[in-house]
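Spelled out, the chains give:
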Amino acid sequence: MSSAIPLNVGIARSVRSDGAGGADGDKRVLLAEPRGYCAGVDRAVETVEKALDKHGAPIYVRKEIVHNRHVVETLRERGVIFVDETDEVPEGALLVFSAHGVSPAVHTSAAARNLRTIDATCPLVTKVHQEAKRFARDDFDILLIGHEGHEEVEGTAGEAPDHVQLVDGPDAVDKVTVRDESKVIWLSQTTLSVDETMETVSRLRERFPGLQDPPSDDICYATQNRQVAVKAMAPECDLVIVVGSRNSSNSVRLVEVALGAGARASYLVDYAREVDPAWLEGVRTIGITSGASVPEILVRGVLDMLEGHGFADVQPVTTANETLVFALPRELRESRR
């Protein structure tokens, strides 16, 4: 199943009217495509909206449904109550699990409180959960590359706590110990930087030459596609603005990728009002992208703000067309007549 179609990327270079940078007509925006909502986020947000339509407010969501301030605040205004743990939910109420997934212990806790549940876990995260369970059954040591404290990591590790070790980046490799070097496999959080993840894998393989790869790529297609688009445009950019929240792993990674790929500066913002006009001084080319949990309205707000500063020329930089769509949880699918 292919979720993206690679495309040729052509970035027209701006022609400056003088050596110092010229007029506003030379200012341009490179707009990354793809950007914004991925299939898993779209499914998760629609799950909560459909649950509200079907059951009415309030409904409860464990953690943030996706890591985006605007999405969470908008849903809260509609009657969604976000909680950290199941014991904050009244017995018998409706609880939605976020796109990042939960451990079996959370399912057990919800059942003990007679909660009605809808699981909005991204199917690509569920795939990693299944891999963890499978390799734990085969008694492998599972090296989970990810960020400590992230909900997705907690959910995946919870599937096989006796077999999973967290490896939080290349510098953590030296602390890893395994029982049998012939039975070691790595898995990863789906929203990591591809480059940093492969650096960690390379370091792990130096220590454990028999390290096995996951059956399929764990870093999600959308995370990879957004990073590829940023890499394509960053060398041309004086500034890259990433629209996304600070607790969004994939959004934070996009800033790192932009800087690593040659952008002179890169910043993460939730809203257009957070863009500091001082960032724009002396800048001719701005790259714009957004994390996988960011609605397009927030990107449009940044583009409108930049237009007011003379950046009216917007050139798309398209590296893939995404076609993947995930079905809603069965509890919310319309019944066939």
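Up top is the structure.
The notes below deal with the structure included here. (Residues numbered from 1 in each chain as written. Predicted model: local features only at pLDDT ≥ 70, side-chain atom pairs only at ≥ 80, totals over all residues. Heavy atoms only, no water.)

### Observations regarding the overall build of the protein
Within the protein one finds nine helices and 14 strands. In terms of C-alpha radius of gyration, the protein reaches 22 Å, essentially the compact-globule figure of 20 Å for 337 residues. Taken along its principal axes, the extent of the C-alpha atoms in the protein is 70 × 55 × 40 Å. Expressed as a percentage of its 337 residues, the buried residues of the protein come to 54%. Within the protein, counting contacts between residues at least 6 apart in sequence, those at least 24 apart form 76% of the total. Of the roughly 15300 Å² that the protein leaves accessible, carbon and sulfur atoms contribute 47%. Taking the average location of the 37 positive side-chain charges in the protein and that of its 53 negative ones, the two points are 4 Å from each other. (Helix = DSSP H or I, 4+ residues; strand = E, 2+ residues; numbered from the N terminus. Rg over C-alpha atoms; globule rule 2.2 N^0.38 Å. Buried < 20%, exposed > 50% of the residue type's maximum accessible area, 1.4 Å probe, protein only. Contact = heavy atoms within 4.5 Å. Areas by Shrake-Rupley, 256 points an atom, 1.4 Å probe, with all protein chains shown as cover. Lys, Arg positive; Asp, Glu negative; His and termini not counted. Charge placed at Lys NZ, Arg CZ, Asp CG, Glu CD.)

### Some words on the side chain of Glu152
When you line up the elements, Glu152 lands in helix H5 (residues 151-157). Separated by 2.7 Å, the side chain of Glu152 and the backbone nitrogen of Thr190 make a polar contact. (Polar contact = N/O pair within 3.5 Å; in protein donor to acceptor, adjacent residues only side chain to side chain.)

### Focus on the sheet that holds strand S3 (residues 59-62)
Ordered by their spatial adjacency, four strands build an open sheet running S4-S3-S5-S6, and the pairing between neighbours is parallel. Lying at the two open borders of the sheet, with one neighbouring strand each, are strand S4 (80-83) and strand S6 (116-119). Adjacent strand axes in the sheet meet at a mean angle of 30°, parallel and antiparallel pairs treated alike. In terms of strand pairing, strand S5 (residues 94-97) meets S6 through four bridges, oriented parallel. (Pairing = 2+ DSSP bridges. Axes fitted to C-alpha atoms, helices over the stretch in contact; angles between N-to-C directions.)

### A closer look at the sheet that holds strand S9 (residues 184-188)
Strands sit in the order S8-S7-S9 across an open sheet of three strands; the sheet is parallel. Pairing within the sheet leaves two strands with one partner each, and these edge strands are strand S8 (164-167) and S9. On average, each strand axis in the sheet is tilted by 30° relative to the strand beside it, whichever way the strands run. The sheet contact formed by strand S7 (residues 141-145) and S9 spans five bridges and is parallel. Within the sheet, the bridge partner assigned to Asp141 lies in S9 and is Val184. Where helix H4 (residues 123-137) meets the sheet, its contacts fall on S7 and S9, and the angle it forms with S9 comes to roughly 165°.

### Observations regarding the pattern of salt bridges
Following the criterion strictly, the structure yields 20 salt bridges and no others. Arg205 is the partner of Asp213 in a salt bridge, and the nearest nitrogen-oxygen pair spans 2.8 Å. One network of salt bridges, with partners in common, ties together Arg69, Glu73, Arg246, Asp270 and Glu274. (Salt bridge = Lys/Arg side-chain N within 4 Å of Asp/Glu carboxyl O.)

### Here we look at the packing of helix H7 (residues 221-233) against helix H8 (residues 249-260)
Across the interface, H7 lies against H8 with an axial gap of 9 Å and an inter-helix angle of 25°. The orientation of H7 with respect to H8, classified from their angle, is roughly parallel. At the point where H7 passes H8, the crossing takes the right-handed sense. Along the contact surface, H7 presents Thr223, Arg226, Gln227, Val230 and Lys231, while H8 presents Asn250, Arg253, Leu254, Val257 and Ala258. Class assignment of the residues belonging to the contact of H7 with H8 gives a composition of four nonpolar, three polar and three charged. (Parallel < 35°, antiparallel > 145°, perpendicular 65-115°, else oblique. Left-handed = near helix turned anticlockwise from the far one by under 90°. Nonpolar A, V, L, I, M, F, W, Y, C, P; charged D, E, K, R; others polar.)

### Considering the packing of aromatic side chains
Aromatic rings in a pair are described by how distant their centres are and how their planes are angled relative to each other. For the structure on display, the rule yields two aromatic pairs. For the ring pair Phe135 and Phe140, a centre distance of 5.3 Å and an interplane angle of 80° mean the geometry is edge-to-face. Take Phe135 and Phe140: they sit in the same class, and that class is buried. Between the aromatic rings of Tyr267 and Trp279, the centroid separation amounts to 3.9 Å while the plane-to-plane angle is 5°, which identifies the pairing as stacked. Residue Tyr267 is found in strand S11 (residues 266-269), and its partner Trp279 is found in the loop between S11 and strand S12 (285-290); the two are separated by twelve residues along the sequence. (Phe/Tyr/Trp six-rings, centres within 6.5 Å; stacked < 30°, edge-to-face > 60°.)

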